[in-house]
Amino acid sequence: MSQDSASQKKRYYQEERKESENEDDDKYQPYVPVKERKKQKLMKLGRIVQLTAEAASQGKSSSENEGDEDSQSAADPENWGRKYNISLLDQHTELKKIAEAKKVSAVEKQLKEEEKILESVAQQKALMGVAELAKGIQYEDPIKTSWRPPRAIAAMSEERRNAIRKHLRILVEGDDVAPPIASFRDMKFPKGILNGLAARGIKRPTPIQIQGIPTVLSGRDLIGIAFTGSGKTLVFVLPIVMFALEQEYRLPFVRNEGPYGLIICPSRELAKQTHDIIMHYSRHLKESGMPEIRSCLAIGGLPVSEAVEVISRGVHIMVATPGRLMDMLDKKMVSLDVCRYLCMDEADRMIDMGFEEDVRTIFSFFKGQRQTLLFSATMPKKIQNFARSALVKPVTINVGRAGAASMNVTQEVEYVKQEAKVVYLLECLQKTAPPVLIFAEKKQDVDCIHEYLLLKGVEAVAIHGGKDQEERSRAVEAYRDGKKDVLVATDVASKGLDFPNVQHVINYDMPDDVENYVHRIGRTGRSNTKGLATTFVNKTTEQSVLLDLKHLLIEAKQKVPEFLVELCPEAEQYLDLGDSHGCSYCGGLGHRITDCPKLEAVQSKQASNIGRRDYLSNTAADY
Ligand code: ADP
Ligand code: MG
């Protein structure tokens with residue numbers, strides 16, 4: 001039919017032109033018989049049908065053609081009138097097509113708007129050192145290292161590499177990415193490190209390690225995203241130990257030299273844990289007859305003298321929280337002159353907690369190019385975009401969706417009235433054997449729960465930002481060693497901490513951010529173990545975070561409780577557009593960036609804080 005109508009159309013145009021030429025000539029209006037007029041009308045209709053078909057099939061281009069009069073009138077069903085030559089069924093199909101085309105353009109409109117918002121957010125200052133920004137220094141090439149993959153692996157074809165990645169569900173972005181290597185031995189680690197791994201019962205690398213370690217060893221900047229408990233720490237710890245070793249062999253670090261590598265963590269406890277892991281491998285290296293690798297821990301609450309003592313002997317690696325590090329840099333107790341390796345663990349959380357300005361200041365203490373690595377289980381697009389400015393030709397490695405919960409955790413969400421929470425907590429504790437972790441947003445709640453559990457004879461300890469460091473350390477140590485059954489904590493303990501075999505995470509309340517939820521429940525089900533998470537919600541819980549939670553549960557194939565199923569289905573029609581899911585600002589699955597409560601909060605906070613320096617420093621100080 002379309003061919004037919006196309007030729008008819010042509011003829012019709014020619015006739016029309018001829019007619020109009022005639023018109024110009026002598027204004028003669030010929031009489032057109034009814035039959036002829038009807039025929040012309042039918043032909044016109046034929047053209048309309050054809051145009052609508054075109055509009056529907058092109059989909060995308062239809063919105064671009066919006067200015068085109070023809071297609072607009074075609075897309076307007078009011079112009080159709082009665083059609084004697086088209087069956088009702090056909091008309092219905094056409095109308096349906098038009099409706100779909102309209103929907104596509106609405107989706108596009110939404111996506112465009114989202115892009116605009118994301119762009120405007122990304123226009124904030126780049127995550128670069130002030131000095132580099134001022135001098136306009138931009139590094140083009142990644143750092144060169146002496147590490148090479150084994151010959152057989154280097155020779156592997158790109159197809160084979162991709163097949164391995166696909167099999168392990170590893171997504172990589174970036175140019176010239178190093179090959180995945182599925183054994184620690186092939187990564188060319190020395191005996192000391194292999195012994196250290198064996199001592200921890202670590203035999204084979206996890207997917208993020210298979211792709212991440214070769215990438216870091218080959219000197220590339222990296223954004224590493226993999227779910228909680230998937231072994232991200234070793235991706236930055238093992239290469240930094242190797243680089244430090246190489247430096248030490250070349251020219252030993254003596255008095256006040258170093259650090260060569262810097263690791264920044266969002267909490268003191270995480271910094272201590274990472275430092276301990278480095279020391280573990282350092283010990284094994286030393287035992288195998290290699291030089292000693294010295295690591296220094298710079299965190300608030302510890303006397304500076306301890307760190308200074310290590311620095312005075314020459315330090316290879318420094319693990320720090322931003323506040324203490326800034327302090328030491330300001331007082332010139334340490335310098336980053338020879339530092340060439342920077343890792344930010346839980347990078348997005350750090351930015352989220354308001355450490356952004358601090359991180360920028362720390363960057364400006366670097367003298368020369370560095371290798372930069374960012375890790376987290378959650379990394380919203382806006383932070384990825386924003387962080388890229390600090391990276392040189394970065395490689396992004398994704399194992400699973402950024403922000404997805406660990407599949408090792410069974411998630412239960414229960415409706416518990418505010419006043420019934422504490423009592424129900426005791427019952428909930430019976431669900432599994434210890435150790436159990438309980439999270440609450442507020443310090444007062446943590447204290448209340450702690451007190452209540454102690455009264456009931458539960459072996460519980462508690463940590464939050466209001467306690468002094470000694471108490472915090474003692475509590476964490478006792479819990480880690482299995483001397484205490486329950487740890488009650490605020491979000492200070494939600495990021496990165498790796499307690500052995502936590503059986504159950506109880507969220508006494510739902511955090512405001514679904515990402516914090518992902519990190520909290522990620523304290524259980526680590527490595528290859530399974531875990532349980534129970535979350536208390538009630539009518540005081542924000543609806544938007546409940547929606548995010550609902551979709552996170554669906555994604556992780558968890559049971560969605562009835563009250564969440566019924567929650568606000570009309571808000572969900574645009575959640576999945578094209579290949580983007582949920583919000584590109586905060587990573588929540590239950591809304592789009594156009595109605596992100598977090599973005600709104602940040603923007604209104606910014607607006608009311610214009611002119612003031614780091615507006616979030618109060619919360620950051622807690623850590
Ligand atoms: P993430 O930082 O991704 O949350 P961690 O690096 O803290 O995870 O690792 C979680 C746990 O898994 C740790 O106890 C660690 O010792 C263990 N682990 C790390 N790598 C492996 C591996 N390749 N095989 C088995 N266990 C591992
Ligand atoms: Mg970690």
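Asks: Break down the overall build of the chain for me, citing the residues and quoting the values.
Replies: When helices and strands are tallied, the chain shows 24 helices and 16 strands. Intrachain contacts of the chain at a sequence separation of at least 6 include 75% that bridge at least 24 residues. As displayed, the chain offers around 30,800 Å² of accessible surface, 51% of which is attributable to carbon and sulfur atoms.

Asks: Please provide a residue-by-residue account of the environment of Ser389, values included.
Replies: Residue position: Ser389 is located in the loop between α16 (381-388) and β8 (395-399). Judged by relative accessible area, which is 29%, Ser389 ranks as partly exposed. Between the C-alpha atoms of Ser389 and Gln138, which are 251 residues apart in sequence, the distance is 9.6 Å.

Asks: Which residues make up the nonpolar core, and what are the values?
Replies: Residues Phe189, Ile193, Leu238 and Ile263 are the most contacted members of the largest nonpolar core, which totals 67 residues. The biggest single contributor to this core is helix α11 (residues 232-250), with 11 residues. Contact partners of Leu238, with chain neighbours within four places excluded, come to Phe184, Phe189, Ile193, Leu197, Ile213 and Tyr281.

Asks: A description of the environment of Ile293 should follow, citing residues and the corresponding values.
Replies: On the secondary structure map, Ile293 appears in the loop between α12 (268-287) and β4 (295-298). The class of Ile293 is buried, set by a relative accessible area of 0%. Residues Ile293 and Glu248, 45 residues apart in the sequence, show an inter-C-alpha distance of 8.1 Å. Among all residues touching Ile293, those that are not within four sequence positions of it are Val241, Ala244, Leu245, Ser282, Leu285, His316 and Ile317.

Asks: Any chance you could break down helix α17 (residues 421-428) for me, citing the residues and the numbers?
Replies: Looking only at α17, the buried set comprises Lys421, Tyr424, Leu425 and Cys428. Within α17, the buried residues cover an arc of 115 degrees as seen down the axis, which keeps them to one side. Those residues of α17 that are exposed and angled more than 90 degrees off the buried face are Val423 and Glu427. In this fold, the buried residues of α17 make contact with β9 (409-415), β10 (436-439), α18 (443-455), β13 (504-507) and β14 (531-537).

Asks: Account for α12, with residues named and values stated.
Replies: With 20 residues, α12 should cover 28 Å at 1.5 Å per step; its first-to-last C-alpha distance of 28 Å lies within 8% of that length. Just downstream of α12, Gly289 is the residue with a positive phi angle, here 90 degrees.

Asks: An account of the packing of aromatic side chains is requested, with residue identities and associated values reported.
Replies: If you walk through the whole model with that rule in mind, you get 7 aromatic pairs. Here the aromatic cluster, defined as three or more aromatic residues joined through ring pairs, consists of Tyr424, Tyr508 and Phe536. Positioned above the aromatic ring of Tyr508 is the side chain of Lys421, whose terminal nitrogen or guanidinium carbon lies 4.8 Å from the ring centre.

Asks: Provide a residue-level description of the side chain of Arg294, including the pertinent values.
Replies: Inspection of the secondary structure assignment puts Arg294 in the loop between α12 and β4. Taking the relative accessible area as the measure of exposure, Arg294 reaches 12% and is therefore buried. Not counting chain neighbours up to four residues away, the residues in contact with Arg294 comprise Phe253, Val310, Arg313, Gly314, Val315, His316 and Ile317.

Asks: Please set out the confidence of the model for the chain residue by residue, giving values where relevant.
Replies: Predicted coordinates in areas of low pLDDT are best not read in detail. Within the chain, residue pLDDT values average 82, and 80% of them lie at 70 or more. Within the model, the stretch residues 611-623 combines pLDDT values under 50 with 24 contacts to residues more than four positions away or in other chains.

Asks: Please give an account of the site of ligand 1 that cites residues and values.
Replies: Close to ligand 1 lie 16 residues, the nearest being Arg204, Gly229, Lys232, Thr233 and Asp498. Gln209 has a polar side-chain atom sitting 2.9 Å from a nitrogen atom of ligand 1. Summarising the interface, the protein chains cover 85% of the accessible area of ligand 1, which totals 570 Å² for the free molecule. For the shell around ligand 1, the element with the highest residue contribution is α11, accounting for 3 residues.

Asks: Explain the sheet that holds strand β1 (residues 170-173) to me, and be specific about the residues and the numbers.
Replies: Sheet architecture is open: 8 strands sit in the order β1-β8-β2-β7-β6-β3-β5-β4, paired in mixed fashion. Looking along the sheet, the strands with just one partner apiece sit at the ends: β1 and β4. The average undirected angle you get between the axes of adjacent strands in this sheet is 15 degrees. Docked against the sheet, α12 engages β3 (261-264), β4 and β5 (317-320), running at close to 170 degrees with respect to β4.

Asks: Give a detailed account of the packing of helix α9 (residues 191-199) against α12, specifying residues and quantitative values.
Replies: Viewed as axis vectors pointing N to C, α9 and α12 meet at an angle of 125 degrees, and their least axial separation amounts to 7 Å. When the axis of α9 is compared with that of α12, the two are oblique. The crossing of α9 and α12 is right-handed. Residue-level inspection shows Gly192, Ile193, Asn195, Gly196, Leu197 and Ala199 of α9 in contact with α12, the latter providing His280, Tyr281, His284 and Leu285. When its residues are assigned to classes, the contact of α9 with α12 shows 5 nonpolar, 5 polar and no charged.

Asks: Pulling in residues and values, what's your account of the pattern of salt bridges?
Replies: Under the criterion given, the structure shown has 27 salt bridges. Across the pair Asp348 and Arg349 runs a salt bridge whose closest N-O atoms are separated by 3.1 Å. An identical accessibility class is assigned to Asp348 and Arg349; each is buried. Within the structure, one salt-bridge network assembled from shared partners comprises Asp348, Arg349, Asp352, Asp513 and Glu515.

Reading guide: rules and limits
- Residues numbered from 1 in each chain as written.
- Chains lettered and ligands numbered in written order.
- Predicted model: local features only at pLDDT ≥ 70, side-chain atom pairs only at ≥ 80, totals over all residues.
- Heavy atoms only, no water.
- Helix = DSSP H or I, 4+ residues; strand = E, 2+ residues; numbered from the N terminus.
- Contact = heavy atoms within 4.5 Å.
- Areas by Shrake-Rupley, 256 points an atom, 1.4 Å probe, with all protein chains shown as cover.
- Buried < 20%, exposed > 50% of the residue type's maximum accessible area, 1.4 Å probe, protein only.
- Core = buried A, V, L, I, M, F, W, Y, C linked by side-chain atoms within 4.5 Å.
- Arc of directions from axis to C-beta.
- Expected span 1.5 Å × (residues − 1).
- Phe/Tyr/Trp six-rings, centres within 6.5 Å; stacked < 30°, edge-to-face > 60°.
- Lys NZ or Arg CZ within 6 Å of the ring centre and 35° of its normal.
- pLDDT = per-residue confidence, 0-100.
- Near = heavy atom within 4 Å.
- Polar contact = N/O pair within 3.5 Å; in protein donor to acceptor, adjacent residues only side chain to side chain.
- Pairing = 2+ DSSP bridges.
- Axes fitted to C-alpha atoms, helices over the stretch in contact; angles between N-to-C directions.
- Parallel < 35°, antiparallel > 145°, perpendicular 65-115°, else oblique.
- Left-handed = near helix turned anticlockwise from the far one by under 90°.
- Nonpolar A, V, L, I, M, F, W, Y, C, P; charged D, E, K, R; others polar.
- Salt bridge = Lys/Arg side-chain N within 4 Å of Asp/Glu carboxyl O.

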